[in-house]
Amino acid sequence: MKTVLDFNSWSRKEHFEFFGSFDEPFFGITTTVDFTKGYQKIKDFGYPYFLYYLHKSLQAANAIKEFRYRVEDDKVFVYNKIHASPTIGREDHSFGFSFMEFDSNFEIFMAKAQKEIEAVKNSTGLRHNDNAKRIDTIHYSSIPWYSFTGLTHARHFQYKDSVPKISFGKYSKDNGKLNLPVAIYVHHGLMDGYHIGQYLEEFQKLLNE
């Protein structure tokens, strides 16, 4: 479900018009979150590593309304709920797109997501189907082989994209603390660094629960 954002009462109207005219309206940051408590909970409960922090990230993104803004036909819509569209790797080192419906209950989310992961692993090609093309998602990817301090994305500039992209790397250890790299890439007409900061603060809070 979605509603149209009222441009006349939106404080970012001029920002949207300005950055929306750019060939590349996206900006991004790369940082880390403290994964120490989250990783311990994964070990204690036997949760799937990727799905646990994916769910926390998606939960945090849903809590920040700017992450639910999408551009359609030069209008901005606010979705009530957004979902995950992660890339899923296969044994042959290819990957496919997936769609994972958000549910605030982790057990429900996990059960559905595991079925989707199996479907991707038992398929071939990109799986660029209707679900993968949905814009009420966040495009997720994971690079579990190494940490990173920067990241770029392949972009099709003829396609007016407004879907946030969040990537995770391999965690590193520093004096007993686990640091999880996260790269966040968003449409500057829809949000600023402040809103990314809100997301990171919420994500960290959820990982520490």
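To keep things clear, this report deals only with the structure shown in the data block.

Cut-offs used in this document
Residues numbered from 1 in each chain as written. Predicted model: local features only at pLDDT ≥ 70, side-chain atom pairs only at ≥ 80, totals over all residues. Heavy atoms only, no water. Phe/Tyr/Trp six-rings, centres within 6.5 Å; stacked < 30°, edge-to-face > 60°. Helix = DSSP H or I, 4+ residues; strand = E, 2+ residues; numbered from the N terminus. Buried < 20%, exposed > 50% of the residue type's maximum accessible area, 1.4 Å probe, protein only. Axes fitted to C-alpha atoms, helices over the stretch in contact; angles between N-to-C directions. Parallel < 35°, antiparallel > 145°, perpendicular 65-115°, else oblique. Left-handed = near helix turned anticlockwise from the far one by under 90°. Contact = heavy atoms within 4.5 Å. Nonpolar A, V, L, I, M, F, W, Y, C, P; charged D, E, K, R; others polar. Core = buried A, V, L, I, M, F, W, Y, C linked by side-chain atoms within 4.5 Å. Salt bridge = Lys/Arg side-chain N within 4 Å of Asp/Glu carboxyl O.

Thoughts on the packing of aromatic side chains
Scanning the model with the defined rule gives 27 aromatic pairs in all. Aromatic pair phenylalanine 26 and tyrosine 185: ring centres 5.2 Å apart, planes at 35°, arrangement tilted. With phenylalanine 26 in strand S2 (residues 26–34) and tyrosine 185 in strand S10 (residues 177–187), this residue pair connects regions lying 159 residues apart in the sequence. Across this residue pair, the class does not change: phenylalanine 26 and tyrosine 185 are buried.

Structural notes on unusual backbone geometry
Look at aspartate 74: it is not a glycine, yet its phi comes out positive at around 65°. With respect to the helices, strands and loops of the structure, aspartate 74 is situated in the loop between strand S3 (69–72) and strand S4 (75–79). Of note in this structure, arginine 127 is not a glycine but carries a positive phi near 60°. Relative to the helices and strands, arginine 127 resides in the loop between helix H4 (106–121) and strand S7 (137–143).

A short note on the packing of helix H3 (residues 49–63) against helix H5 (residues 193–207)
Look at H3 against H5: their axes get within 8 Å of each other, and the N-to-C directions meet at 135°. With respect to H5, the element H3 is oriented oblique. The chirality of how H3 crosses H5 is right-handed. Seen from H3, the contacting residues are Tyr52, Tyr53, Lys56, Ser57, Gln59, Ala60, Ala61 and Ala63; seen from H5, they are Tyr199, Glu202, Phe203, Leu206 and Leu207. Classifying every residue of the contact of H3 with H5 gives 9 nonpolar, 2 polar and 2 charged.

A short note on the nonpolar core
By size, the foremost hydrophobic cluster in this structure holds 46 residues, and its most contacted members are Leu51, Phe67, Met100, Ile166, Phe168, Ile184 and Tyr199. It is H3 that provides the largest number of residues to this core, a total of 8 residues. The residues touching tyrosine 199, leaving out its near neighbours within four places in the chain, are Ser57, Ala60, Ala61, Ile64, Phe67, Ile166, Phe168 and Ile184. Core analysis: the next-biggest nonpolar cluster, separate from the first, contains 8 residues, Leu5, Tyr69, Val71 and Leu190 among them.

Notes on the pattern of salt bridges
Under the definition given, this model contains 12 salt bridges. Note that arginine 127 and glutamate 116 form a salt bridge whose closest N and O atoms lie 3.4 Å from each other. Here arginine 127 is found in the loop between H4 and S7, whereas its partner glutamate 116 is found in helix H4, with 11 residues between them in sequence. A relative accessible area of 21% means that arginine 127 is categorised as partly exposed. Of the charged contacts in the structure, one is a salt bridge between arginine 134 and aspartate 136, with a shortest N-O distance of 2.7 Å. Overall, arginine 134 belongs to the partly exposed group, its relative accessible area being 29%.

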